[in-house]
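Read off the chains here:
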Amino acid sequence: MTQQFEAFYDWSKRELNLQLDGYKQKQLQRRINTVMIKSGAKNLREYAEAIKKNADIKQEFLDYITINVTEFYRNAQIFAEFEQILLEKVAPRYPNLKIWSAACSTGAEAYSVAMVLKKNRLHEQSKIIGTDIDATILRKAKEGVYRDAEIKNVPSADLKKYFTVTNNKYHLNQEIKDLVQFKKHDLILDRYEKGCHAIICRNVTIYFNDEVKNKIYQDISDSLVVGGIFFIGATETIYNPKQYGFQKVGSFIYEKIE
Ligand SMILES: C[S@@+](CC[C@H](N)C(=O)[O-])C[C@H]1O[C@@H](n2cnc3c(N)ncnc32)[C@H](O)[C@@H]1O
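The following paragraphs examine the structure supplied in this document. (Residues numbered from 1 in each chain as written. Predicted model: local features only at pLDDT ≥ 70, side-chain atom pairs only at ≥ 80, totals over all residues. Heavy atoms only, no water.)

**Observations regarding the site of the ligand**
- Taken together, 21 residues form the shell around the ligand, and within it Tyr 23, Thr 70, Arg 74, Asp 132 and Asn 203 come nearest.
- Within the contact set of the ligand, an oxygen atom lies 2.8 Å away from a side-chain nitrogen or oxygen of Arg 74.
- With respect to the ligand, the backbone of Leu 187 contributes an N or O atom lying 2.8 Å from a nitrogen atom.
- Alone, the ligand offers 600 Å² of accessible surface; in the complex the protein occludes 99% of this.
- Considered class by class, the residues forming the shell around the ligand number nine nonpolar, six polar and six charged. (Near = heavy atom within 4 Å. Polar contact = N/O pair within 3.5 Å; in protein donor to acceptor, adjacent residues only side chain to side chain. Areas by Shrake-Rupley, 256 points an atom, 1.4 Å probe, with all protein chains shown as cover. Nonpolar A, V, L, I, M, F, W, Y, C, P; charged D, E, K, R; others polar.)

**What about unusual backbone geometry?**
- Phi angles above zero are rare outside glycine, and Ala 103 is one such case at about 60 degrees.
- Within the secondary structure layout, Ala 103 lies in the loop between strand E1 (98–102) and helix H6 (108–119).
- With a phi angle near 50 degrees, Asn 167 is a residue other than glycine that sits in the positive phi range.
- Topologically, Asn 167 is positioned in the loop between strand E4 (163–166) and strand E5 (169–172). (Helix = DSSP H or I, 4+ residues; strand = E, 2+ residues; numbered from the N terminus.)

**Regarding the side chain of Gln 29**
- Along the polypeptide, Gln 29 turns up in helix H2 (residues 25–39).
- Gln 29 sits in the buried class, given a relative accessible area of 17%.
- If we ignore the near neighbours within four places in the chain, the residues touching Gln 29 are Met 1, Phe 5 and Tyr 9. (Buried < 20%, exposed > 50% of the residue type's maximum accessible area, 1.4 Å probe, protein only. Contact = heavy atoms within 4.5 Å.)

**With respect to helix H3 (residues 44–53)**
- Within the sequence span of H3, burial applies to Leu 44, Tyr 47, Ala 48, Ala 50 and Ile 51. Buried residues of H3 fall within an arc of 160 degrees about the axis and therefore sit on the same side. Turned more than 90 degrees off the buried face of H3, the exposed positions are Arg 45, Lys 52 and Lys 53.
- Packing partners of the buried residues in H3 comprise helix H1 (3–16), H2 and helix H4 (55–65). (Arc of directions from axis to C-beta.)

**Describing H2**
- Here H2 contains 15 residues, and its C-alpha end-to-end distance of 21 Å stays within 8% of the 21 Å for a straight helix at 1.5 Å per residue.
- Those residues of H2 that sit buried are Leu 28, Gln 29, Ile 32, Val 35 and Met 36. For H2, the angular spread of the buried residues around the axis is 135 degrees, confining them to a single face. In H2, the exposed residues that point more than 90 degrees away from the buried face are Lys 26, Arg 30, Ile 37 and Lys 38.
- The positive-phi residue at the C-terminal boundary of H2 is Gly 40, with phi of around 95 degrees. (Expected span 1.5 Å × (residues − 1).)

**Side note on the nonpolar core**
- In this structure, Phe 8 and Phe 61 are the most contacted members of the largest nonpolar core, which totals 89 residues.
- At eight residues, H6 tops the list of elements feeding residues into this core.
- Structurally, this core is a two-domain feature, drawing no fewer than three residues from each of domain 1 (3–65) and domain 2 (76–256). (Core = buried A, V, L, I, M, F, W, Y, C linked by side-chain atoms within 4.5 Å. Domains from an automatic or database assignment.)

By themselves, these observations are geometric and do not establish any function.
Take a look at the structure:
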């Protein structure tokens, strides 16, 4: 890593509490360069100054390095498999479910779980938590307003039941919004929830280096009860699940066994 990037990372850890050296470097540095040039800064020192002084530049930087794409029931077939394992294996054993959608972006994933629990009348005794590193995206999650592309997998009956459409925007109803608690959480730096029955952590570890990824998998395992499940992204694989006390039970689903 160049000295400039090292200094910038030290600065962003100190000032923004962001641990950027845990991310895959080529990809991340390319993104930082792009957004730096867009801001008009000529080098990383100038860029750090600009981030400090200008709230819009700071927000643009945070948005750009944390890629927020998401949708309801992302990879619908795989999500259906998660739903089936949750209902057939986990819920009978643990009727009061605690489910954590980590790196939840705008909350579509956490709200998809809320709809599943509601449909199966498990919502009243269960708890759903949605977390992300990005405070702005969490505000959007709490608002619960979505575009066409984000709701394309929502069954039409649920669309009618749980959303109100205004100006081509889909507003999620309060009864579903009330089922999810959102809070800020950094997967690299913060402590993890304990006693979870399912953790969904998809499409974020792809940005991390192996060391960070290993630690996250171990922390997730420690957060799950035995028999709890871990749902990963469709482009992700855990090569040595046993190392973390997991066994594979679905295409992208692992059960905590010890
Ligand atoms: C591509 S989205 C994934 C959203 C959702 N899980 C899905 O699969 O549709 C990645 C999210 O990870 C969040 N993120 C990035 N680094 C993070 C970190 N260190 N801790 C927690 N969340 C992080 C970003 O803010 C972003 O909202």
